[in-house]
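# Architecture at a glance
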Amino acid sequence: MSRTLEYAPAPESRAIVDIKPSYGLFVNGEFVDGTGTSFKTVNPATEEVLAEVAEASEADVDNAVRAARRAYDRVWSRMPGAERAKYLYRIARIIQERGRELAVLESIDNGKPIGEARDVDVPTVAAHFFYYAGWADKLKYAGYGTTPLGVAGQVIPWNFPLLMLAWKIAPALACGNTVVLKPAETTPLTALLFAEICQQADLPPGVVNIVTGAGDTGRAIVSHPDVDKVAFTGSTEVGKAIARAVAGSQKRVTLELGGKAANIVFDDAPIDQAVEGIVNGIFFNQGHVCCAGSRLLVQESVADEVMARLKRRMATLRVGDPLDKNTDVGAINSAEQLAKIRELSEVGEAEGAERWSAPCDLPANGYWFAPTVFTGVSQAHRIAREEIFGPVLSVLTFRTPAEAVEKANNTPFGLSAGVWTDKGSRILSMANRLRAGVVWANTFNKFDPTSPFGGYKESGYGREGGRHGLEAYLKGADQ
């Protein structure tokens, strides 16, 4: 007789974090009042208002871009790479020193489990700054030239607020660019704490500027005539709008957009290991992952066994307080996102797919959705085609490797994929045929600052991470 382990609550203390009642903008090394309105950021696990945050107007964005241009012209682009590296190393060390504070704040503002913020997000953030600090004085060996572009306008999403900030800011600074960054309106607090870290590291004023706001603020950054480079991570819809807005200009652009990744399990895969990979692929960070393995393609001969083990594993997932160290699945980031997840899940049922949700008690307050799997899914179903961006898995079956490749590639997206098999030759063959920027083999959602990340088709263009991530912030070897 199996028994479910009972866990006593193990909450992380909020006392380490000092959330101010209101926040301004970080421009030219200082926090300043915005000239626009303000908005509230809330804790998605409780719906508690955390702080009032300034919404940057066009004038505020213009001030930030001017500050970034001055810092670029007078200080940062003229500074030897070895000196720039010292600032990046200093920032990386401070992130490590303040790691617990950053993790708790990320969990409160975003809704993700503290274990993920503490063990995945923050260490990877520090690693990116360490990694690109090492490149700052070695750009001539990267193959992309040594001349920075100028002012980088960067817009990041709410699913990995601090990690996306690091992906954007670290390579930009290493290459000698200055930055105006806008965090997502639902998760601005760790970016504002990062601004304090920039002050603590004595980063020259204007090198990093943080302007908070919603879509209008982002549009003001993208369209500003003195922004030389636009970097965006977010939805494909917004990415297309950005591409249209900068068309015909001299702006350089990188876009990391949506995904509908196939996680492919062959009959010779290590099933228990694969089940863990499936769970990690779709339920990590509540499924708020652009490269989430949201389409499970499982070979027919093992489909029943995989589903039985998957449901058994899903039943052990603990959903609840993000600050509890035992929590596996936290809160959905916003009411708007929860509504989208519910809508597409209802569509899945209406189209005839069979829905199963892990048995769990959801808290009364906040935004919650139980880990859910759909079987009997066809390629025509919306849940197999559209990005749900939540803890919802669609399961399809296949018979042959060729069928698996055809189904995996039958999507407008091309960000990532996973392959589970005991045969190394099959892994290499599948990876070569899958039209995805990243293919994981017998694992999923593994990130490293030394490895490039990015997509094909409607998942965007350009790469972030690794040596390749420098290319987006340099003028090129022949210029």
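Residues numbered from 1 in each chain as written. Predicted model: local features only at pLDDT ≥ 70, side-chain atom pairs only at ≥ 80, totals over all residues. Heavy atoms only, no water.

### Some points on the nonpolar core
I95 and F129 are the most contacted members of the largest nonpolar core, which totals 114 residues. A total of eleven residues in this core trace back to one element, the largest contributor, which is helix α5 (residues 161-174). In this structure, F129 is in contact with L88, I91, A92, I95, A166, I169, A170 and F194, ignoring residues within four places of it in sequence. (Core = buried A, V, L, I, M, F, W, Y, C linked by side-chain atoms within 4.5 Å. Buried < 20%, exposed > 50% of the residue type's maximum accessible area, 1.4 Å probe, protein only. Helix = DSSP H or I, 4+ residues; strand = E, 2+ residues; numbered from the N terminus. Contact = heavy atoms within 4.5 Å.)

### As for the pattern of salt bridges
Oppositely charged side chains can form a pair if their charged atoms are brought close together. Applying the stated rule across the entire model yields 27 salt bridges. One connected set of salt bridges, linked through shared partners, spans K20, R98, E101 and E196. (Salt bridge = Lys/Arg side-chain N within 4 Å of Asp/Glu carboxyl O.)

### A few points about empty space enclosed by the protein
Taken as a whole and assessed by the stated rule, the structure comprises four cavities of 30 Å³ or more. As a volume, the largest cavity reaches approximately 90 Å³. Forming the walls of the largest cavity are 16 residues, and the residues nearest its centre are A262, R295, A408, T411 and S416. Mapped onto the lining of the largest cavity, the elements with two or more residues apiece are α13 (401-409) and β16 (416-420). Tallied by class, the residues present in the lining of the largest cavity amount to eight nonpolar, five polar and three charged. (1 Å grid on protein atoms, 1.4 Å probe; cavity = no way out; pocket = protein on both sides within 12 Å on 5 of 7 lines; lining within 4 Å. Points joined across faces, edges and corners; volume = space filled by probe spheres on them. Nonpolar A, V, L, I, M, F, W, Y, C, P; charged D, E, K, R; others polar.)

### Observations concerning the packing of helix α2 (residues 81-97) against helix α6 (residues 189-200)
Direction vectors running N to C along α2 and α6 enclose 125 degrees, while the axes themselves pass 9 Å from each other. By the angle class used here, α2 and α6 are oblique. Viewed along their axes, α2 and α6 form a crossing whose handedness is right-handed. Residues I91, I94 and I95 of α2 pack against F194, I197 and Q200 of α6. Here the residues of the contact of α2 with α6 are counted per class, giving five nonpolar, one polar and no charged. (Axes fitted to C-alpha atoms, helices over the stretch in contact; angles between N-to-C directions. Parallel < 35°, antiparallel > 145°, perpendicular 65-115°, else oblique. Left-handed = near helix turned anticlockwise from the far one by under 90°.)

### Focus: the packing of helix α4 (residues 114-135) against α5
Remark: α4 packs on α5, axes separated minimally by 9 Å, with the N-to-C direction vectors making an angle of 5 degrees. With respect to α5, the element α4 is oriented roughly parallel. Of α5, the residues touching α4 (which contributes D121, V122, T124, V125, H128, F129 and Y132) are L162, L163, A166, W167, I169, A170, P171 and A174.

### Examining the packing of aromatic side chains
All chains considered together, the criterion is met by 13 aromatic pairs. Among the aromatic residues, those joined into a cluster by ring pairs are W167, W440, F444, F447 and F453. In this structure, R318 packs its charged tip against the face of Y7, placed 3.9 Å from the ring centre. Just above the ring of Y456 sits the side chain of R463; from NZ or CZ to the centre is 5.3 Å. (Phe/Tyr/Trp six-rings, centres within 6.5 Å; stacked < 30°, edge-to-face > 60°. Lys NZ or Arg CZ within 6 Å of the ring centre and 35° of its normal.)

### Quick notes on the sheet that holds strand β15 (residues 392-398)
With respect to topology, seven strands assemble into an open sheet ordered β13-β14-β15-β12-β11-β16-β17, the strand pairing being mixed. Each edge of the open sheet is held by one strand with a lone partner, namely β13 (354-357) and β17 (438-441). Averaged over neighbouring strand pairs, the angle between their axes works out to 20 degrees when direction is ignored. Here β13 runs beside strand β14 (residues 372-375); their pairing, made up of four bridges, is antiparallel. From the neighbouring strand, R355 faces β14, where its bridge partner is F374. (Pairing = 2+ DSSP bridges.)

### Concerning helix α8 (residues 236-246)
The complete set of buried residues in α8 reads T236, G239, I242 and V246. One face of α8 carries all of its buried residues, which in axial projection span an arc of 115 degrees. Away from its buried face by more than 90 degrees, α8 exposes E237, R244 and A245. Here the buried face of α8 lies against α7 (215-223), β9 (229-233) and β10 (252-256). Positive backbone phi, at 90 degrees, marks G248, one or two positions downstream of α8. (Arc of directions from axis to C-beta.)

### Thoughts on the sheet that holds strand β5 (residues 48-54)
With mixed pairing, three strands are arranged side by side in an open sheet as β1-β5-β4. Since the sheet does not close on itself, it has two edges, and those belong to β1 (22-23) and β4 (38-43), each with one partner. Against the sheet, α6 touches β1, β4 and β5, its axis set at about 55 degrees to β5.

### Topic: the state of the cysteines
Per the stated rule, a full pass over the model turns up zero disulfides. Free of any disulfide, C175 has its nearest cysteine sulfur in C198, 17 Å distant. Of all cysteine sulfurs, the one in C291 lies closest to C290, which takes part in no disulfide; the gap is 4.8 Å. Overall, the relative accessible area of 13% leaves C290 in the buried class. (Disulfide = S-S within 2.5 Å.)

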